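Structural overview
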Amino acid sequence: MQVSGAQSGDDKVTYAPTRDELNCRLDAVKNSLTDDGILDVFGKFTRDQSAEKIRNDVLSPEGIIVGIEYRPFDKLWTYYTGISGGWGTMPREKRLSDI
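This structure is a prediction, so every number in the text was calculated from the model and none was measured. (Residues numbered from 1 in each chain as written. Predicted model: local features only at pLDDT ≥ 70, side-chain atom pairs only at ≥ 80, totals over all residues. Heavy atoms only, no water.)

**Examining the nonpolar core**
Let me state the cut-off plainly: Side-chain atoms within 4.5 Å are what join buried Ala, Val, Leu, Ile, Met, Phe, Trp, Tyr and Cys residues into a set we call a nonpolar core. Remark: exposure states derive from per-residue accessible area (1.4 Å probe, protein chains only) relative to the maximum for the residue type, with buried under 20%, exposed over 50%, and partly exposed in between. Every helix listed is a DSSP run of H or I at least four residues long, and every strand listed is a run of E at least two residues long, numbered separately from the N terminus. Whether two residues touch is decided by their heavy atoms; if any such pair falls within 4.5 Å, the residues are in contact.
L22, L26, V29, F42, I54 and W87 are the most contacted members of the largest nonpolar core, which totals 14 residues. Among the secondary structure elements, those contributing two or more residues to this core are α2 (19-30), α3 (35-42), α4 (51-58) and β2 (74-80). Beyond its immediate sequence surroundings of up to four residues, V29 is in contact with I38, V41, F42, I54, R55, V58 and W87.

**Quick look at unusual backbone geometry**
You will see that F73, though not glycine, has its phi angle at about 65°, which is positive. Within the secondary structure, F73 sits in the loop between β1 (64-71) and β2. By relative accessible area, which is 86% here, F73 ends up exposed.

**A word on the packing of α3 against α4**
To keep things clear, this is the line we draw: Axis definition: a line fit to C-alpha positions, over the contact stretch in the case of helices; interaxial angles, taken between N-to-C directions, run 0 to 180 degrees. Note on terminology: angles under 35 degrees are roughly parallel, angles over 145 are roughly antiparallel, angles of 65 to 115 are roughly perpendicular, and the others are oblique. Amino acids are sorted into nonpolar (Ala, Val, Leu, Ile, Met, Phe, Trp, Tyr, Cys and Pro), charged (Asp, Glu, Lys and Arg) and polar (every other residue, Gly among them).
Where α3 meets α4, the closest approach of the two axes is 9 Å, and the angle between their N-to-C directions is 80°. Regarding the angle of α3 to α4, the classification is roughly perpendicular. Taken together, the residues of α4 that come into contact with α3 (itself represented by D35, I38 and F42) are A51, I54 and R55. For the contact of α3 with α4, the per-class residue count stands at four nonpolar, no polar and two charged.

So this is what it looks like as C-alpha cells:
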C-alpha cells in the first residue's frame, strides 16, 4: 500500500508553530457567524473543502490537537478528526509503523 501522507490544503493555516496559535485559529472558525469568517482564516478552499465542512470538522467532539513532525526537527501543531475536506484536505490514518 502506498500512502502519500496527509495533505493539508494550506500548510500555513492547518499547521501552527504553537498550540496557542492553533487554538486561536480554531476559535476563529468556531466563533465565525458567516462563511466569510472561515474564508478569512483559510484564504481559499481547496479540493472538497467548504466553510460548512470546516466548521463541522472543528466542532466535532472527536477532534484532537496533535503535535506532528512537519520536517526533521520541526514540530508543529494541527487539528485532526480524520474527516476529508474539513480542517485538513486529506488527513491520513496510517502511520509508517502501521504499513
